[in-house]
Amino acid sequence: QSALTQPASVSGTLGQSITISCTGTTIDIDDSYYVSWFQQHPDRAPKLLIYDVINRPPGISYRFSGSKSGNTASLTISGLQTEDEAIYFCGSYTDDSPVFGGGTQLTVL
Amino acid sequence: QVHLEQSGAEVKKPGSSVKVSCKASGDTFSSYSISWVRQAPGQGLEWMGRIIPMSRTTKHAQNFHDRVTITADRSTNTVYMELNSLKSEDRGVYYCARSQDGYSFDYWGQGTLVTVSS
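The following refers to the structure shown. Since the structure is predicted, the reported quantities are computational estimates derived from the model, not experimental observations.

## Describing the overall build of chain A
Argument step 1. Scanning chain A from N- to C-terminus turns up zero helices and 10 strands.
Argument step 2. Mapped in sequence order, the helices and strands of chain A form the string β-β-β-β-β-β-β-β-β-β.
Argument step 3. Whereas a compact globule of 109 residues would reach a radius of gyration of roughly 13 Å, chain A reaches 13 Å, a difference of no more than 12%.
Argument step 4. In terms of overall dimensions, chain A has C-alpha extents of about 40 × 30 × 25 Å along its principal axes.
Argument step 5. Evaluated residue by residue, chain A yields a buried proportion of 46% over its 109 residues.
Argument step 6. Contacts in chain A between residues far apart in sequence, at least 24 positions, make up 53% of those at least 6 positions apart.
Argument step 7. Of the side-chain charges in chain A, 5 are positive and 10 negative, and the distance between the mean point of each set is 11 Å.

## A look at unusual backbone geometry
Argument step 1. The phi torsion at D96(A) lies on the positive side, around 60°, for a residue other than glycine.
Argument step 2. As for its position among the elements, D96(A) is in the loop between β8 (86–94) and β9 (97–100).

## Regarding the sheet that holds strand β1 (residues 4–5) of chain A
Across a sheet, strands are paired by hydrogen bonds formed along the backbone, either parallel or antiparallel in direction.
Residues and elements named next belong to chain A.
Argument step 1. The strand order across the open sheet built from four strands is β1-β3-β7-β6, with neighbouring strands paired in antiparallel fashion. The open sheet has two edge strands with one neighbour each: β1 and β6 (64–69).
Argument step 2. Here two bridges tie β1 to strand β3 (residues 18–24), and the two strands are oriented antiparallel to one another. Looking at β3, one finds that T5 is bridged to T23.

## Comments concerning the interface of chain B and chain A
Argument step 1. Across the boundary between the two partners, chain B contributes 18 residues, which contact 22 residues of chain A.
Argument step 2. Roughly 1,500 Å² of surface becomes buried between chain B and chain A when both sides are summed, with 65% attributable to carbon and sulfur atoms.
Argument step 3. Connecting chain B to chain A are one salt bridge.
Argument step 4. One salt bridge in this structure joins D96(A) and R50(B), with 2.7 Å as the shortest N-O distance.
Argument step 5. Remark: the boundary between chain B and chain A carries six residue pairs in polar contact (both at pLDDT 80 or more).
Argument step 6. Where the side of chain B that touches chain A is concerned, the elements lending two or more residues are β4 (33–39), β5 (45–52) and β10 (105–108) of chain B.
Argument step 7. Element by element, the count of residues in the side of chain B that touches chain A is highest for β5(B), at four residues.

Conventions adopted
Residues numbered from 1 in each chain as written. Chains lettered and ligands numbered in written order. Predicted model: local features only at pLDDT ≥ 70, side-chain atom pairs only at ≥ 80, totals over all residues. Heavy atoms only, no water. Helix = DSSP H or I, 4+ residues; strand = E, 2+ residues; numbered from the N terminus. Rg over C-alpha atoms; globule rule 2.2 N^0.38 Å. Buried < 20%, exposed > 50% of the residue type's maximum accessible area, 1.4 Å probe, protein only. Contact = heavy atoms within 4.5 Å. Lys, Arg positive; Asp, Glu negative; His and termini not counted. Charge placed at Lys NZ, Arg CZ, Asp CG, Glu CD. Pairing = 2+ DSSP bridges. Buried area = accessible area lost by both parts, 1.4 Å probe. Salt bridge = Lys/Arg side-chain N within 4 Å of Asp/Glu carboxyl O. Polar contact = N/O pair within 3.5 Å; in protein donor to acceptor, adjacent residues only side chain to side chain.

Set out below in structure tokens:
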């Protein structure tokens, strides 16, 4: 059982915006700025999209943005493109150990 | 640009051990850590443990504490992960990943598939 809960799947149409949620169950996201998001395409390694709730590493599109409210963090993808179809994982940090959500499959219709 | 190159796929028998390597290039070992993350087929990500190569300080996840050994060879910029007493459920892709803060992994290896089968 993951310490972070994500929806199993979300979908959106080209050009639309979607939001993926990540709720802390055994950890307290509310008091933490340790929230990250990763994108994983089939048979590829995960790729860091967001760290510390809102920050994007160099080279990551502005279309990806992060936020947090209470014990739920969110990843918003604006202007959906076909290459955004992937699995998205949230991550956090508790007891000096990283934890991950179960992943959300994004389908672009 | 940092690059993490992992060793190739392994096929192991139950009860045996596997040792996977992760060689860093483009940057020397500094104050960052290298973690190992497992992904079972069709499943999510599971953190196994990490090492800070400069100090060789390690921390292991509770689920793997007594079966995993993580070491670093600073002379070759290589980190190793050895998993003992393999079971069929250890089958999956094992990734090494770099972190400067302990949890946001900015560079990943390409992954190593480990198959456990009799």
